[in-house]
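Chain by chain, the residues run as shown.
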Amino acid sequence: GTVEYGANAWREYVWLVGARTENEELHAELDALRIEHQSLERALGRIERSTSLISYQADIASTTVLAEVVGGGASGAAKEIIIDQGSADGIAAGMAVITSEGVVGWIQAAHSSSSLVVLINDVDAAVGAILEDTRVRGVLKGRGGRECELQYINPDVPVRVGEIVYTSGADRIFPKGLPVGEVID
């Protein structure tokens, strides 16, 4: 009986070690699949954004260049980004930066393979704007946070929450009619 019991215990031990090894291998495989899944989701997001921008390029009259954000500006207080297109790609200071959803900012400085973009919510940023309903013109001023402020609108002009604000073209950076934002207050 003693020999038989020892053999059974040994078989159970071997089975447990084998199960633990297989379990560890399955966890490692699951982790690798999760990482691959996240990578594929990011790639799909990039493809969807590019497709949207390409279709938007076809709808606007001016020449456009596709670019991706590759970093933030040097100053934490300033609202800046760095894009992966520069003077070698035809980018120059003062050019408008837009997405298919609307205005982003403008090129402050173009280097050979990258450019610094000032965002419209920077405290020093201002964009000529026009209200959707009344067609009244004003200036959209950055406040340094997520929101901008629409200035120089006569207090008698009715402005509704949800009204879309477009570029007026008066700033000579952005063409007229690009969406800039939506009135929230």
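To be clear, the structure that these remarks concern was listed above.
Residues numbered from 1 in each chain as written. Predicted model: local features only at pLDDT ≥ 70, side-chain atom pairs only at ≥ 80, totals over all residues. Heavy atoms only, no water.

Focus on the overall build of the protein chain
For the record, the criterion: Secondary structure follows DSSP: runs of H or I at least 4 residues long count as helices, runs of E at least 2 residues long count as strands, and numbering of each begins at the N terminus. Only protein chains enter the accessibility calculation, which uses a 1.4 Å probe; a residue whose area is less than 20% of its type maximum is buried, one above 50% is exposed, and one in between is partly exposed. Any two residues having at least one pair of non-hydrogen atoms within 4.5 Å are treated as being in contact. Using the Shrake-Rupley algorithm and a 1.4 Å probe, accessible areas are obtained, with residue cover drawn only from the displayed protein chains.
Secondary structure assignment for the protein chain yields one helix and 10 strands. Residues classed as buried in the protein chain amount to 24% of the 185 residues present. Pairs at least 24 apart in sequence give 41% of the contacts found in the protein chain among residues at least 6 apart. When the accessible surface of the protein chain is summed, it comes to about 12,400 Å², and 54% of that surface belongs to carbon and sulfur atoms.

Here we look at the sheet that holds strand β4 (residues 102–110)
Within a beta sheet, neighbouring strands are joined by backbone hydrogen bonds and run either parallel or antiparallel to one another. To keep it simple, the criterion reads: At least two bridges found by DSSP between two strands are what make those strands a pair. Axes here mean lines fitted to C-alpha atoms, for a helix over just the part in contact, with angles spanning 0 to 180 degrees between N-to-C directions.
Spatially, the five strands line up as an open sheet ordered β1-β2-β5-β4-β3, and their pairing is antiparallel. Unpaired on one side and paired on the other, β1 (69–72) and β3 (96–99) mark the two borders of the sheet. On average, each strand axis in the sheet is tilted by 35° relative to the strand beside it, whichever way the strands run.

Examining the sheet that holds strand β10 (residues 179–182)
One open sheet holds the five strands; their spatial order is β8-β7-β6-β9-β10, and the pairing between them is antiparallel. Each end of this open sheet is capped by a strand with a single partner; those strands are β8 (148–151) and β10. Adjacent strand axes in the sheet meet at a mean angle of 35° when their direction is disregarded. One ladder, built from five bridges, connects strand β6 (residues 126–131) with strand β7 (residues 137–142); its direction is antiparallel. Bridged to A126 within β7 is K141.

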